[in-house]
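Residue strings, one per chain:
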Amino acid sequence: MENQQTNLWKAYLDKHKDRMLEELTDILKIPSVSADPAYANEVFSMAKDLENRLTKVGLEKVCAYDTAGFPMVYGQKIIDPNLPTILVYGHYDVQPADPLELWTSPPFEPVTRDEKIYARGACDDKGQMYLQVKAIEVLIQTETLPCNVKVLIEGEEEVGSANLEDFVRANTSLLSCDVILISDTAMLSKEQPSITTGLRGLSYVEVEVTGPNRDLHSGVYGGAVANPINVLSQMIASLHDEEGRITVDGFYDDVEDVSAQERDLMASAPFSLEDYKDHLEIQAVQGEKGFSTLERTSIRPTLDVNGIWGGYIGEGAKTVLPSKAYAKISMRLVPYQNSEKITELFTKHFQLLAPNSVKVKVTPHHGGEPAVTPVNSIAYQAASQAMEATFGVTPIPLRSGGSIPIVSMFEEVLGANTVLLGFGFDSDAIHSPNEHFGLWNFYKGIETVPYFYHYFTQLKKQA
Ligand code: BES
Ligand code: MN
Ligand code: MN
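Overview of the structure. (Residues numbered from 1 in each chain as written. Chains lettered and ligands numbered in written order. Predicted model: local features only at pLDDT ≥ 70, side-chain atom pairs only at ≥ 80, totals over all residues. Heavy atoms only, no water.)

1. Observations regarding the site of ligand 1
Looking at ligand 1, there are 17 residues lining it, with Glu-157, Asp-184, Arg-332, Ser-403 and His-431 nearest. Within the contact set of ligand 1, an oxygen atom lies 2.8 Å away from a side-chain nitrogen or oxygen of His-431. In the complex, the protein chains occlude 90% of the 520 Å² of accessible area that ligand 1 would expose alone. Of the residues belonging to the shell around ligand 1, the class tally is five nonpolar, seven polar and five charged. When residues of the shell around ligand 1 are assigned to domains, at least three fall in each of domain 1 (3-199 + 370-462) and domain 2 (201-255 + 301-368). (Near = heavy atom within 4 Å. Polar contact = N/O pair within 3.5 Å; in protein donor to acceptor, adjacent residues only side chain to side chain. Areas by Shrake-Rupley, 256 points an atom, 1.4 Å probe, with all protein chains shown as cover. Nonpolar A, V, L, I, M, F, W, Y, C, P; charged D, E, K, R; others polar. Domains from an automatic or database assignment.)

2. A short note on the pattern of salt bridges
Under the definition given, this model contains 22 salt bridges. With a shortest N-O distance of 3.4 Å, Asp-26 and Lys-29 are connected by a salt bridge. A salt bridge links Glu-137 to Lys-134, with the nearest nitrogen and oxygen atoms 2.5 Å apart. Of this pair, Glu-137 and Lys-134 both sit in helix α3 (residues 126-141), three residues apart, which is roughly one turn of that helix. Side by side, Glu-137 and Lys-134 carry an identical accessibility label, which is buried. In the salt-bridge network here, residues are joined through shared partners; they are Arg-19, Glu-23, Lys-134 and Glu-137. (Salt bridge = Lys/Arg side-chain N within 4 Å of Asp/Glu carboxyl O. Helix = DSSP H or I, 4+ residues; strand = E, 2+ residues; numbered from the N terminus. Buried < 20%, exposed > 50% of the residue type's maximum accessible area, 1.4 Å probe, protein only.)

3. A short note on the coordination of the manganese ion (ligand 2)
Only His-91 (NE2), Asp-124 (OD), Asp-184 (OD) and Asp-184 (OD) from the protein coordinate the manganese ion (ligand 2), and they sit 2.0 to 2.4 Å from it. Considering all six donor atoms around the manganese ion (ligand 2), angles at the metal cover 57 to 167° and the coordination shape is irregular. We note that the donor set of the manganese ion (ligand 2) lies within a single chain, spaced as H-x32-D-x59-D. Separating the manganese ion (ligand 2) from the manganese ion (ligand 3) is a distance of 3.6 Å, and Asp-124 supplies a donor atom to each of them. A residue pair is termed long-range when its members are at least 10 positions apart, and His-91 in strand β3 (residues 85-91) and Asp-124 in the loop between β5 (116-118) and α3 qualify at 33 residues. For the pair shown, His-91 and Asp-124 are each scored as buried. (Donors = N, O, S within 2.8 Å, 3.2 Å for Na, K, Ca; no water. Tetrahedral: all angles 85-135°; square planar, octahedral: opposite > 155°, others 65-115°.)

4. Comments concerning the environment of Gly-422
The topology assignment puts Gly-422 in the loop between β17 (417-420) and β18 (436-438). Filtering out sequence-adjacent residues up to four positions away, Gly-422 remains in contact with Gln-128, Ile-182, Ser-183, Thr-185, Ala-186, Met-187 and Met-387. (Contact = heavy atoms within 4.5 Å.)

5. Re the coordination of the manganese ion (ligand 3)
The protein atoms that coordinate the manganese ion (ligand 3) are Asp-124 (OD), Glu-158 (OE), Glu-158 (OE) and His-431 (NE2), at distances spanning 2.0 to 2.5 Å. In this structure, the manganese ion (ligand 3) is surrounded by six donor atoms whose angles at the metal cover 56 to 156°, and the resulting shape is irregular. Each donor residue of the manganese ion (ligand 3) lies on the same chain, and together they follow the pattern D-x33-E-x272-H. Taking relative accessible area as the criterion, Asp-124 reaches 7% and is therefore assigned buried.

6. Quick word on the layout of surface pockets
Size it by volume and the second largest pocket reaches roughly 390 Å³. Forming the walls of the second largest pocket are 17 residues, and the residues nearest its centre are Glu-165, Gly-367, Gly-368, Pro-405 and Met-409. Of all elements in the fold, only α4 (164-170), α9 (339-353) and α11 (406-414) reach the threshold of two or more residues within the lining of the second largest pocket. Looking at the lining of the second largest pocket element by element, the count peaks at four residues for α11. Among the residues forming the lining of the second largest pocket, the class breakdown is four nonpolar, eight polar and five charged. Shared between two domains, the lining of the second largest pocket holds at least three residues of each, these being domain 1 (3-199 + 370-462) and domain 2 (201-255 + 301-368). (1 Å grid on protein atoms, 1.4 Å probe; cavity = no way out; pocket = protein on both sides within 12 Å on 5 of 7 lines; lining within 4 Å. Points joined across faces, edges and corners; volume = space filled by probe spheres on them.)

The structure is reproduced here in C-alpha cells:
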C-alpha cells in the first residue's frame, strides 16, 4: 500500500493523539449504565454527547434516533454509492460499576496509571467504540476515506439490545452495507494479535423455588418442611456431572464437533495456563473433561449460576426456614445450538428435577445466537492484512467465549459478514472492578482500522 497515505495517517494520529485521549477521558466520565434506571438521564446525555462527536469527525446525517429504550446514535459518510460500505457497530452503555469499594480509583473518574486508562467502559466498549470513531476521523480529515462508512452505536447492549432488532429491521436501507465492523472483543497480546472468529450465544434464565407459603421458624418446622435454598442448591449441583458436562437432557444435541485442524490451531496459540492461573490467583482450573482451557471458553457450551439469593442475609443470625430461593443462570452456547431451544430444554429439565415438596418457576431473560466469521471471507482477509500491516505479524483466528447477541441478527437482516476486530486484552477486567484499556491498545486500534478500510475496499474491487 502507498507510503504517502500511511504517512498521512501516522502524522495525523501523532499530532492529535493527546486530544483523542482527552476526548475518551471525557466520555468515560459519563456514567451511562443501562441496567440501572437511576442512570437513565446519563445514558441519554451520553447519546447526545456522542451525536456531537460524530458530527465533529465529519460524519453526515448524524442523528440520535429515539427508541422505546435508549437512542441509536447514527452517522454516515457516503462518498460514492458504487463503492463498498462499512457499517461500524458499537455500544455506549456500560455495565454497573459495583462493587464500588473494590475500585482503586472511582469508576467514573478516569485516570491513567501505568499507561492504561482506568474507568468503567474503558475497554467495553467506550474505548473500543471510540477508536473506531477516531479512525474515521483520521480517514475523513486526511481525505483518504476509500469507501462509504456508516456508524451505529447503541445504548442497550449490556442489557440485551431489546430495541436494536426492530430498529435494524425498520431501517434496512439506511443500514445496508457490505461488512459489519465491530471492536468489542479482545486479542491475544501485543506480540501476537488475533481476530475473533466466533462468539458464543446466550440463554439466560431466572429460577424461583418456593417451599412453604411463608418464612417459618427453622426450629419449629426445620427438618420436616423442604427448605427451598437447600433444594435449589441440590438442583444446581446436579446440573453438571463429575466430568464437567451439563446434565440438561438434549443440551449437547446440536453442538458442533470442531475439526481436529481447528483444535490444533487453537492448541498452537501462545497461551500460558500458569499465567492464566496466576492472574486469577487460583490453584487449578476446572471444566469439561477432554477440553483445554481455551476450548472450554470458546468452542464448548457452559452453564453458570450468576447469582443466588433467598432467606436471611442481614446482620447477625435469624433462624428462618425461607419460603423462597432464587438464582440467575446463564448458558453460553456454541454454533448450531439455539437459545430458545436451550431455554426450553433447561426449563423442562429443571421442572422435572424439582421434588414434590417445592414449586419451581423458570423465567427466561434475553438470549442470543452464536456467530462465526469464515476465515476465507474478504472481510476476514482484510482484517488480517490490516493487523499484519501494523503489528508486523499475521493475526491468528480465535473464537471468543463472550456474546454479542446482535451479530447473528445483523448478519441475517443485512446479509453481510461481521469482522470482530478487537483491541482489548482478556485481562482488561471488563465487567469487573478496575476495568482498564491500554493507551497502546487505543492508539494501535486507531492506527490499524484505516488499513482495514483500505484492504477491504481493494479486495472487494478485485472480487
Ligand atoms: N463486549 C462484550 C462481549 C465480549 C467480551 C465478547 C469479551 C468477547 C470478549 C459485550 O459487551 C458483553 O458483555 N456481552 C454480554 C452479553 C449481553 C447480552 C449482556 C456477555 O457476553 O455477557
Ligand atoms: Mn461490549
Ligand atoms: Mn459487556
